[in-house]
Amino acid sequence: MGPGLRFLVPDLSAHGDEASAPYVSAAAEAGAIHEWLTSHGIRRLSLGFAASLGGVILFELLRFPDLSFDRLFIEGVSFYSGGPVARVGGSILSRVMVAKHRKARVGGSILSRMMVAKHRKAVRDPEAGTRKLARLYGEETARSMVASFAAMSEDSVRAIVHDCSHVSLPPLSPTTQRRCTFAYGDKDSDLRLARRVIPRLYPEAELRVWPGSGHCERMSRDSVAYGAMLRNVALCSASTDRS
């Protein structure tokens, strides 16, 4: 995203440098981020950006009245907020994810797409799975995704699946909605529900669709252009092109 900006990029529990920390809930993650921000005197940010599970956590962060964001850009977030379909689907997905996780820890299975947001098949060979993910996200990202998934505890897997199928959607004022962009690849399975929910709950928000892309694929495949776009958003000079 270039020089002249200050970035705050927390690692979520069970991810990155926090891989050994158990993931408990989106609310707990948001609480930890809020505590860090306020303890450092940070209560207003130019841009709140989040993707996939991060979007669920950003929803929780938006509930804190002492934080504000000039712009919000949320990529590939789930809008499943409970109900019979989410309860049954979440339960099934949780069991499937744990089974795949067990195999991944001994070198067997990974999910063919993003761990939580996509209901995709798993493949038994990690190298084959890496090759499949690499076609979507690139070799380096694919290997990191495989390693991250295999390193998670089963409790963390269950908690992440629960949060992505029982999303707590925050109330957003019309002013905040007008500062908010939701983005999805047109092949993202979360897009269908987003098209129904966003006009109903957040009618002033922008919905941006990336042609030819899957879940969070645009940001991985074209990271330089994506970063430049986010920089423009952060500097309040983003293009008005919504194609």
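Look up: the structure comes first, before these words.
## A short note on the pairing of strand β5 (residues 180-185)
Reasoning step 1: Within β5, 6 of the 6 residues are buried, which leaves it mostly tucked inside the rest of the structure.
Reasoning step 2: Here β5 shows two buried faces, one formed by Cys180, Phe182 and Tyr184 and the other by Thr181, Ala183 and Gly185.
Reasoning step 3: Strand direction decides the pairing type here: strand β2 (residues 68-75) and β5, joined by 4 bridges, are parallel. What sits directly across from Phe73, in β5, is Thr181.
Reasoning step 4: Where β5 meets strand β6 (residues 206-210), 5 bridges bridge the pair, whose relative direction is parallel. Bridge pairing links Phe182 to Leu207 in β6.
Reasoning step 5: For the crossover from β5 across helix α8 (residues 191-201) to β6, the handedness is right-handed.

## Regarding the pattern of salt bridges
Reasoning step 1: Under the criterion given, the structure shown has 5 salt bridges.
Reasoning step 2: Ionic pairing is found between Arg178 and Glu204, a salt bridge with its closest N-O pair at 3.8 Å. In this pair, Arg178 sits in helix α7 (residues 174-178) while Glu204 sits in the loop between α8 and β6, placing the two residues 26 residues apart along the sequence.

## A short note on the side chain of Arg71
Reasoning step 1: Relative to the assigned elements, Arg71 resides in strand β2.
Reasoning step 2: In this structure, Arg71 is buried with no salt-bridge partner, the nearest side chain bearing the opposite charge being Glu206 at 4.8 Å.
Reasoning step 3: Polar side-chain contacts of Arg71 include one of 3.3 Å to the side chain of Thr181.
Reasoning step 4: In this structure, Arg71 is in contact with Ser46, Leu47, Gly48, Arg179, Thr181 and Val233, ignoring residues within four places of it in sequence.

The rules behind each value
Residues numbered from 1 in each chain as written. Predicted model: local features only at pLDDT ≥ 70, side-chain atom pairs only at ≥ 80, totals over all residues. Heavy atoms only, no water. Buried < 20%, exposed > 50% of the residue type's maximum accessible area, 1.4 Å probe, protein only. Helix = DSSP H or I, 4+ residues; strand = E, 2+ residues; numbered from the N terminus. Pairing = 2+ DSSP bridges. Right-handed = clockwise from strand over helix to strand, strands pointing away. Salt bridge = Lys/Arg side-chain N within 4 Å of Asp/Glu carboxyl O. Lys, Arg positive; Asp, Glu negative; His and termini not counted. Polar contact = N/O pair within 3.5 Å; in protein donor to acceptor, adjacent residues only side chain to side chain. Contact = heavy atoms within 4.5 Å.

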